[in-house]
Every structure is written in C-alpha cells, then in structure tokens.
Amino acid sequence: MGLEGKHILLGITGSIAAYKAASLVRLLVKEGAELKVVMTPLAKQFITPLTMATLAKNPVLVDFFDPENGSWNSHVSLGLWADLYLIAPATANTVAKMSRGIADNLLLTTYLSSRCPVWIAPAMDMDMYAHPATAENLEILRARGNRVIEPVSGELASGLEGQGRMEEPERIAEEVKAFFEKKNARLHNSPLRGKRILVTAGPTHEKIDPVRFIGNYSSGKMGYALAGVLAGRGAQVTLVSGPVSLPLPHPEVKRIMVTSASEMHQACITCFPDMDMAVMAAAVADFTPVSSSEEKIKREGRKESLFTLSLQSTTDIAADLGAGKKPHQILAGFALETDHEEQNAIQKMIRKKLNFIVLNSLRDPGAGFQHDTNRITLIDSKGEIRKFELKRKEEVAEDIADKLATYC
Ligand code: CTP
C-alpha cells in the first residue's frame, strides 16, 4: 500500500484509450490512494461514469453543476484537494486547450486552478502525435513544469502502427507510486529535521520618497517554495522576506517581513548566529539612494530636465554572513546570470564564502524571476557541478533541500 492517504485526481478525455483508465483507477485504489475522477463530456462516450465511479469509490464529475439540483462542482476545491492531477488519456484536443489556457469543461478549469504536479499521458494517432502543433503544445506544457508520460509505439485504433498508444496503466501506476515513495522518504527520513534554517526571499524596496522606490522583478516564489519544502521536512525555518504578497508557505515557518536591504541585513545578522544553515534566495538591491526625501519629489520648479539620484552600495548580506560563519554553519546563495554563467557563479561562491551556489541563467526560457518554473545548476565549493531540468519551483526546492541534506 504505497499510496495510503494520497489524493489523486484522474482526468479522462475522449480517446479510445479511456478504457485503460479503468485499470489505472483499480491499481491506484488498490495501493491505498483516494481517487476522484473528472471526465470531459466526450469521454463519457468511451467509458461510463458509472464504471469509473464504482471503481474510484467516488462520484465522477463531468459538468460544472448538477442540472438536477443546481449544486456547483467546484474546480478550485478539486484542484486544491489533489496531490497529483493525472490526465490519462489526454487527447490532442485537450493537450492543445491546456497549452492555450482554454477552459470550456470541468477537466480544463480544474487544470488551470490546480496547484499540484500535473502529469499528462497522451493517447492519439501517430500522425496527430507527430504533428508539429501537438509537439509544440506538449513542449509548452513541459516548459510550464507539467510532466508528459510519453506514449508508446504499437498498434493504434486506426489500425496503423506507430507512437501514440497511451502508456500501460501498470507502468503509470508504478511511476505514481515511485513519485510518492520518493516524496515520503524525503519527508520522513529527512536529516534536515530539527535543523534551524534561514531563508531570504523576494526583492527589496529602496525608498526614494514616500511614493517611489528602487525595486526589481523578483516574485519571491523560489525562496517561499524552498521555505515551505524545508519546513515540510521538519526544519525550523525563519523566512526573511522582502515585500511580496505571497501567503505563508507552511504553517510552521516563522516569517519576518522587511522592506529595504538594510532591514533585511539587520534581520539576517540578528538570527544567523542561531542557525545551522542559511539560503540567500532574495534579490537584494545592490544600491540604495544616499538619502530619501520625506516629501514627494515634485517635477515642477526644477530648472533642468535631468534629475540625478545619488546611490550608494548596500551591504552584501551573503558575504557578511559568509565572513562571520562558524565552521558548522552551511551557507548557500543564488546567482542569476546573463553571461559567463558558471564562471561568474563560481567567483560569487568563493567571494561570499558559500558552501554552494544555485545558478540560474536569464537566457533559459522559463527560468528566473516571475516564472513558476526554474532551471538550476548546483555548484559546490568542492567543485561538483550538477545541472537539473526545467521544473516547477516546488520541485526545484526539493532538489536544493536534497543538497542541503548532504551537509547534515
Ligand atoms: N546577496 C545578498 N546581499 C546583497 C546582494 C546579494 O545577500 N546585497 C545575495 C543574494 O541573495 C544571492 C547572492 O548574494 O544569494 C548573489 O546575488 P547577486 O545579485 O547575483 O550578486 P551580486 O553580488 O549582487 O553580484 P552582481 O549583481 O554584480 O552580479
């Protein structure tokens, strides 16, 4: 029973492979998973909701609301309930709609509002699968952090032979089990349990006057995801956050909100002596105005059209912590680079006395600020360099947490 207590949402679309969804549900339920099934209207032509509801032990959802009593099938609560949203089989039509954000059925609205990992198992004729439009749509979905379970080659419904058959339910169920087993092992056998870890996140705002500041595009998502994952593994996390409007990533995280680089510096040096580890994920401003005005700076009355703002360097928080860190303390930082990425990141790691650095390149599509995904390279002070694929920031956070765990 490897899937005890796991909530799996299965989305079924209108493909002949829909019959395989029945065995998939049976296998997942046998492993202890709780199943909910959402079907597109066309999927009902291939397999009945009654069959699926009986196997899943839960009513199957197809419509936005129940025409009998008007009760609403909330796609938002379905999306939040799920630990994994598995769309199997996924037709070329649904894949295309997912990639473009079309929301004309419950399966698709649930996709748009889900926060959990999404896996897609395509099933279609080989020429449809090989078509550049389908390939491009799947690539878009991959780039957004969804996982595509490649279809296999074999005889297709059309009678032709080629790649397009949905992967066998046994194989998909094994992959689901392996995914959750890995997640459970990370949670329960975590060497990070009880470790005190400081994480910085978000941008800083450097005040110019009461209505203006110098900021940057950091969304804080990477640092928040990391704080959430570390707390989930039992670490005592202190999150020093710049101005973002993200919710607390985990109920156990202690969050300190700051605005400027100097406030972030103050908060970090105050708590760092008690920490076992620190990960500096914030995009701290490198420069701040020498002085800020208490009144709004007016355009009128200025003789020249040129306006000069004098800036001074802020303290490099990571370097400051690095200079004072005790031998048992582990310090990690981020490097967001646009050129000579590895070389710059290594220099940064050495300069700031970091144990390792997480490199992302702004040249990678889907990586860096504002995105929900990231592609990182981990470089450590012993010379190990490890490149990762493009993933959702929550999964990137797991990889960084794994790296931190190697120092325990
Ligand atoms: N950092 C910090 N305090 C600063 C500037 C950066 O703690 N005042 C940290 C970041 O949180 C990150 C690492 O240092 O972990 C690298 O940040 P980055 O802005 O890439 O490095 P800089 O040293 O500012 O170098 P540059 O902007 O010139 O590339």
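Residues numbered from 1 in each chain as written. Predicted model: local features only at pLDDT ≥ 70, side-chain atom pairs only at ≥ 80, totals over all residues. Heavy atoms only, no water.

Overview of the site of the ligand
Right, on to step 1. Around the ligand sit 16 residues, and of these Met280, Ala282, Phe334, Lys348 and Lys352 come closest.
Right, on to step 2. Note that an oxygen atom of the ligand is positioned 2.6 Å from one of the backbone N or O atoms of Met280.
Right, on to step 3. Contact between the ligand and Lys348: an oxygen atom at 2.6 Å from a side-chain N or O atom of the residue.
Right, on to step 4. Isolated, the ligand exposes 570 Å² of accessible area, and the fraction of that covered by the protein chains is 77%.
Right, on to step 5. Looking at the shell around the ligand, the elements that each hand over two or more residues are helix H11 (317-324), strand E17 (330-337) and helix H12 (341-351).
Right, on to step 6. Element by element, the count of residues in the shell around the ligand is highest for E17, at 3 residues. (Near = heavy atom within 4 Å. Polar contact = N/O pair within 3.5 Å; in protein donor to acceptor, adjacent residues only side chain to side chain. Areas by Shrake-Rupley, 256 points an atom, 1.4 Å probe, with all protein chains shown as cover. Helix = DSSP H or I, 4+ residues; strand = E, 2+ residues; numbered from the N terminus.)

A few points about the pattern of salt bridges
Right, on to step 1. Counted under the stated rule, the structure contains 23 salt bridges.
Right, on to step 2. The closest approach of N and O atoms between Asp402 and Arg233, which form a salt bridge, is 3.0 Å. With Asp402 in helix H13 (residues 393-405) and Arg233 in the loop between helix H9 (221-232) and strand E12 (236-241), the pair connects residues that are 169 residues apart, well separated along the chain.
Right, on to step 3. Take Arg233: its relative accessible area is 3%, and that puts it in the buried class.
Right, on to step 4. The salt bridge partner of Lys403 is Glu384, with a shortest N-O separation of 3.9 Å. Taken together, the positions of Lys403 in helix H13 and Glu384 in the loop between strand E20 (377-380) and strand E21 (385-387) put the pair 19 residues apart, joining distant regions of the chain.
Right, on to step 5. Given the relative accessible area of 45%, Glu384 is considered partly exposed.
Right, on to step 6. In the salt-bridge network here, residues are joined through shared partners; they are Arg147, Arg171, Glu174 and Glu175. (Salt bridge = Lys/Arg side-chain N within 4 Å of Asp/Glu carboxyl O. Buried < 20%, exposed > 50% of the residue type's maximum accessible area, 1.4 Å probe, protein only.)

A look at the domain arrangement of the chain
Right, on to step 1. What the domain assignment lists for the chain is domain 1 (7-155 + 163-185) and domain 2 (190-294 + 303-405).
Right, on to step 2. The straight-line distance from the C-alpha centre of domain 1 to that of domain 2 is 36 Å.
Right, on to step 3. Facing 9 residues of domain 1, the contacting portion of domain 2 comprises 6 residues.
Right, on to step 4. Considering only the surface of domain 1 that becomes buried against domain 2, Pro117, Ala143 and Gly145 emerge as the three largest contributors, covering 53% of it.
Right, on to step 5. Linking domain 1 with domain 2 are 0 salt bridges.
Right, on to step 6. Put simply, domain 1 and domain 2 have 1 residue pair in polar contact (both at pLDDT 80 or more) between them. (Domains from an automatic or database assignment. Contact = heavy atoms within 4.5 Å. Buried area = accessible area lost by both parts, 1.4 Å probe.)

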